[in-house]
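Observations on chain architecture
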Amino acid sequence: MMKRFVLRTLLAALTPVLVIVVSFVVFDPFKIFYDYDEYSPYYFAVSRSLISTKTFDKNYEKERFDSFIFGDSRVVGFQTDYWKKYLPEGASPFVFMSAGESLYGMWLKVKYVDEKGLKIKNAILLISDTILK
């Protein structure tokens, strides 16, 4: 009798948690479980670093990026379409953005690009006061 009561109580307590976990995976509100063609609009605060990396991984073989903008969330002001006007013809720019980026994080991204076999011909490193702290 007691065993049955404990099992029912445990089941009743775990059901809401299970529903929340399953819903989180199915609806993927932070865009971390599945690949997406488009990651905006941002209804939730998604990891811009993760999304930049996933977008890069999805497109680098086709696009053969050779020009990069690295920095924290302030790189939003640097548009690749505008920058491309000042790059050599045929250049393929990409923005690696990460909220709260550090110099070490930038270095890891540069290293990651190199590991993928791409050459960095042009780069903007956005160094802000928060990166240097």
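An account of the accompanying structure is given in this report. (Residues numbered from 1 in each chain as written. Predicted model: local features only at pLDDT ≥ 70, side-chain atom pairs only at ≥ 80, totals over all residues. Heavy atoms only, no water.)

**With respect to a nonpolar patch on the surface**
Heads up, the condition is: The patches described consist of residues with a relative accessible area above 30% and no salt bridge, like charges being joined within 9 Å and nonpolar side chains (Val, Leu, Ile, Met, Phe, Trp, Tyr) within 5 Å. Under the convention used here, a 1.4 Å probe and the Shrake-Rupley method define accessible areas, while residue burial counts only the protein chains that appear. By convention in these notes, a salt bridge is any Lys or Arg side-chain nitrogen within 4 Å of a carboxyl oxygen on Asp or Glu. Only DSSP runs of H or I with at least four residues qualify as helices, and only runs of E with at least two residues qualify as strands; both kinds are numbered from the N terminus onward. A simple rule labels every residue: compare its accessible area, found with a 1.4 Å probe on the protein chains alone, to the largest value its type can have, and call it buried under 20%, exposed over 50%, or partly exposed in between.
On the surface, V17, V21, F24, V25, I32, F33, Y34 and L50 cluster together to form a nonpolar patch covering roughly 610 Å² of accessible area. Per-element tally for the nonpolar patch: the top contributor is helix α1 (residues 2-27), with four residues. Within the secondary structure layout, Y34 lies in the loop between α1 and α2 (48-63). Judged by its relative accessible area of 37%, Y34 falls in the partly exposed class.

**Let's talk about the sheet that holds strand β2 (residues 93-97)**
Rules: By this definition, two strands are paired if DSSP reports at least two bridges between them. Note on geometry: axes are C-alpha line fits, over the in-contact stretch for helices, and angles between N-to-C directions span 0 to 180 degrees.
Spatial strand order, β2-β1-β3: three strands in an open sheet with parallel pairing. Of all strands in the sheet, those bounded by a partner on one side alone are β2 and β3 (122-125). Averaged over neighbouring strand pairs, the angle between their axes works out to 15° when direction is ignored. Relative to β2, strand β1 (residues 67-71) runs parallel, the two sharing five bridges. Bridge pairing in β2 places I69 opposite V95.

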